[in-house]
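Fold and contact review
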Amino acid sequence: MLLYVLRRLASAVSVVVATMFAGFGLFFLAPTDAAGAICGNNCSAERIAHIRASLGLDEPFLSQFGAYLTGVLVGRTYEAGGVVVECSAPCLGFSYQLNQPVTALIADALPVTVSIVAGAATVSLTVGVLTGAFAARRRGRVADRVAVAAALGLGSVPFFVVALISALYLAGTVLPRAEHIPISEDPLGWAAGLLAPWLTLGVVSAAAYTRHARAAMIESLGEDYIRTARAKGLSERRVVYRHGLRAAITPVATLFGMDVAFQLTGALFTEAIFGLPGLGVLTLRAFAVFDLPVLMGAVLVGATILVVMNLVVDIAYTVLDPRVRLT
Amino acid sequence: MTTTPYLAVRDLTVAFGDVRAVSDLSYAVPLGRTLAIVGESGSGKSAAALAVMGLHDPATTRITGSVTVGGAEVVGMAPAELRALRGSRAAMVFQDPQSALHPYFTVGAQIAEAYRAHNAVSRRAARAHAADVLGRVGIPAARRRLDDYPHQFSGGMRQRVMIAMALVNDPKLLIADEPTTALDVTVQAQILDLIADLRREFGSAVVVITHDLGVVAEIADDVLVMYAGRCVERGPTRTVLGAPAHPYTWGLLESIPVVAEKPARLRPIPGSPPNPRTPPTGCAFHPRCRYPERVGDTACRDRMPELTGDGDRLSRCHLPRPDQVFRAEVLPLLGTGDQHVR
Ligand SMILES: Nc1ncnc2c1ncn2[C@@H]1O[C@H](COP(=O)(O)OP(=O)(O)O)[C@@H](O)[C@H]1O
Ligand code: SF4
Ligand SMILES: [Mg+2]
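Computed from a prediction, not measured in an experiment: that's the story for all the values here.

Parameters and conventions
Residues numbered from 1 in each chain as written. Chains lettered and ligands numbered in written order. Predicted model: local features only at pLDDT ≥ 70, side-chain atom pairs only at ≥ 80, totals over all residues. Heavy atoms only, no water. UniProt positions renumbered as here; feature names shortened; annotations may be inferred. Helix = DSSP H or I, 4+ residues; strand = E, 2+ residues; numbered from the N terminus. Domains from an automatic or database assignment. Contact = heavy atoms within 4.5 Å. Buried area = accessible area lost by both parts, 1.4 Å probe. Salt bridge = Lys/Arg side-chain N within 4 Å of Asp/Glu carboxyl O. Polar contact = N/O pair within 3.5 Å; in protein donor to acceptor, adjacent residues only side chain to side chain. Nonpolar A, V, L, I, M, F, W, Y, C, P; charged D, E, K, R; others polar. Near = heavy atom within 4 Å. Patch = residues over 30% accessible without salt bridge, like charges linked within 9 Å, V, L, I, M, F, W, Y side chains within 5 Å. Areas by Shrake-Rupley, 256 points an atom, 1.4 Å probe, with all protein chains shown as cover. Pairing = 2+ DSSP bridges. Buried < 20%, exposed > 50% of the residue type's maximum accessible area, 1.4 Å probe, protein only.

1. Some details on the UniProt feature "domain: ABC transmembrane type-1" (unreviewed entry) in chain A
Under the local residue numbering, the UniProt record ascribes the feature "domain: ABC transmembrane type-1" (unreviewed entry) to residues 110-317 of chain A. From the first C-alpha to the last, residues 110-317 of chain A spans 27 Å; its make-up is 84% helix and 0% strand.

2. With respect to the domain arrangement of chain B
Where interface size is quoted, it is often the accessible area lost as the parts come together. All names here are of chain B. Entries for chain B in the domain assignment read domain 1 (1-89 + 171-220) and domain 2 (243-340). For domain 1 and domain 2, the distance between their C-alpha centres works out to 24 Å. Domain 1 puts eight residues into the contact, and the matching count from domain 2 is eight residues. Of the roughly 800 Å² buried at the junction of domain 1 and domain 2 (both faces included), carbon and sulfur atoms supply 59%. If you sort the residues of domain 1 by the area they bury against domain 2, V19, E40 and L213 come out on top, with a joint share of 61%. At the surface where domain 1 touches domain 2, the tally comes to two salt bridges. Its salt-bridge partner being R277, residue D18 comes within 3.2 Å of it at the nearest N-O pair. Remark: the boundary between domain 1 and domain 2 carries three residue pairs in polar contact (both at pLDDT 80 or more). The residue makeup of the side of domain 1 that touches domain 2, split by class, is three nonpolar, two polar and three charged.

3. Here's the deal with the site of ligand 2
In the vicinity of ligand 2 lie 13 residues, with C283(B), C289(B), C300(B), C317(B) and H318(B) positioned nearest. Residue composition of the shell around ligand 2, grouped by class: 10 nonpolar, three polar and no charged.

4. Considering the UniProt feature "transmembrane region" (unreviewed entry) in chain A
All names here are of chain A. Following the UniProt record, one finds the feature "transmembrane region" (unreviewed entry) at residues 12-30, 109-134, 146-170, 190-209 and 294-320. Overall, residues 146-170 shows 92% helix and 0% strand. The separation of its end C-alpha atoms is 24 Å. Secondary structure across residues 294-320 comprises 100% helix and 0% strand; the distance between its end C-alpha atoms is 38 Å.

5. A few points about a nonpolar patch on the surface
All names here are of chain A. Side chains of F160, L164, I165, L168, Y169, L170, V174 and F269 sit close together on the surface and give an oily, nonpolar patch of about 820 Å² of accessible area. No other element matches the six residues that helix α7 (residues 159-170) contributes to the nonpolar patch. Tracing the sequence through the fold places V174 in the loop between α7 and α8 (187-221).

6. Digging into the sheet that holds strand β4 (residues 61-69) of chain B
Residue and element names in this part refer to chain B. Pairing in this open sheet of four strands is antiparallel, and the strands run β2-β1-β4-β5 from one edge to the other. Both outer strands of the open sheet, β2 (19-30) and β5 (72-73), are each paired with one neighbouring strand and no more. Where strand β1 (residues 5-16) lies against β2, eight bridges are found, and the strand directions are antiparallel. Its bridge partner being in β2, L7 is matched across the sheet by V29.

7. A closer look at the pattern of salt bridges
By the definition in use, this model includes 24 salt bridges over all chains. Linking R285(A) and D291(A) is a salt bridge whose minimum nitrogen-to-oxygen distance equals 2.9 Å. Taking relative accessible area as the criterion, R285(A) reaches 28% and is therefore assigned partly exposed. Between R199(B) and D221(B) there is a salt bridge, and its shortest N-O distance comes to 3.2 Å. Residue R199(B) is located in helix α8 (residues 185-202), and its partner D221(B) is located in the loop between α9 (213-219) and β9 (222-227); the two are separated by 22 residues in the primary sequence.

8. Overview of the domain arrangement of chain A
Residues and elements named next belong to chain A. Split into domains, chain A comes out as domain 1 (2-97) and domain 2 (103-288). At the junction of the two partners, domain 1 supplies five residues and domain 2 supplies four residues. Between domain 1 and domain 2, a total of about 340 Å² is buried, with carbon and sulfur atoms accounting for 51% of that surface. The largest contributions to the domain 1 side of the interface with domain 2 come from L92, S95 and Q97, which together make up 69% of the buried area.

Printed below as a string of structure tokens:
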């Protein structure tokens, strides 16, 4: 087990480094001139040259990448407007446009995104699995049909439409206004402020979980061990929600593992529509003004989140299915 | 024999839509006795057993007749009452322990759960009890194995776990549905011995379903032979195996290698069991039977024979003197005298 985790960690780190390398290369080759973007309009050639030099943009690719990697691992210094800025590890670069280290920008934005994704995932898993199990138990009856139709309907409406409607009409009226209050300051306010985005993103992605959980439940409820559970004299509720659901959770976890990337993209939309200062908004702004260091940082953090989540899901498997051996 | 039967099945019929899996089945099992139900696959053995446990889905199954367990009527019993009966007074062991045990729960948890479903005891007490029964069914180092999952046991050990789970509440009725079919030949005998021992020890009524006459000879007091959902022959094991009265039972005897003296003489029953959607007219066995001409006319094709006989010895066949036919034409194939009954 420990060996497995270590090996998976090593491979996770190499994926992150590869992403970093690829991202860096992409931006390096991009036709836009980073120095020009930093300098803005009405910029003298002299000033651009100065920026290039101070950023090391005229250095060869590998040495730039090396400097970046060093920054991530041990920190480095930047010169901005004649002032030397200390950028301690993990240094993800310096945004000349916002005049702030990227690490600090991301550190502010990340909790917002993580809060949205975690809350929405909780909502979608809970709603999806319970609705799916409920529908499976009443397979073919009215309650089942309603659940299936609702899941199908919700699943076929584009997410941004639902999010827009929710942001315009629900947040601030039925639901509290969407805002981000750090959980450390006011946990209740944190939850209240994120309720609208959680429900929006959560309920929409719950549709897929409902269908998936229903199918998995129908399969598990047909298994021999369900008959055994009934033969033991267990209550029908215990048979369905303990023995049936327990077996259906593994396939749902698989879906969840594949879904993390989608949830991150969903969070990006959600932030933009609800106006929450998360990673998505930060990235979109950086994209618009070609703030390369911020883009790089966001890509890196996004890749790290994905890799870590996949690792977590894989390890969760061993807890979920005792037959899975990690080797 | 004056004991009142603990399990009494009367005119039981089980139908799935227009498929009649069991028709007019009646039998009784007193405490301390073992009834074997034999028949080819698809003859309705499991469907009948599940009806005794009230395990059929009422939405898709129509059950008529009567099943009483310890005097309580199971057909139409309220769900809460049924739950109280299942796993406590009546327990069942299924054919394939691999699929009948939940793969995601430890065996200790599964056994303890069966105990706690009927006894208000702490988790700790249930766990201790689970270790006890696990030991009683012959699992070495039972206490240590409580936290193992079913896949960590061999096939035979898994069936012992299944039996332990069924016995955890000392049931007065144990139904074992082909308990050895999914197991290696070498462990089959051990499992049967175990069931026989437990029956002796606790004096329960036991129903063993099998398609193996060797199993019947070994552990059953009485036998019931099923064909196409009906009882075709019933009686004490020695009589039914020693002097069977139904051509289908003869066919079963002729087709087992342990009994037929020379493998060359092995005579499998020709043809295959009828499709329950389109049952044959008259005697359901007539398309595969050698004796319809002996009966004469078209009686076998036209009329379903009644289950007749004296006392506890019944069979369902039009043949006038089946005992003579058996002695003259079947017995020589099986070996001399009584020898074919082990
Ligand atoms: N749940 C069910 N729905 C429809 N048909 C069934 C069901 N269970 C059993 N049958 C049918 O009933 C007949 C008897 O089956 P079963 O009792 O399982 O036979 P056995 O246990 O003797 O092999 C078979 O033809 C089988 O296909
Ligand atoms: S009734 Fe006729 S067909 Fe049926 S078993 Fe007897 S002899 Fe054979
Ligand atoms: Mg069966």
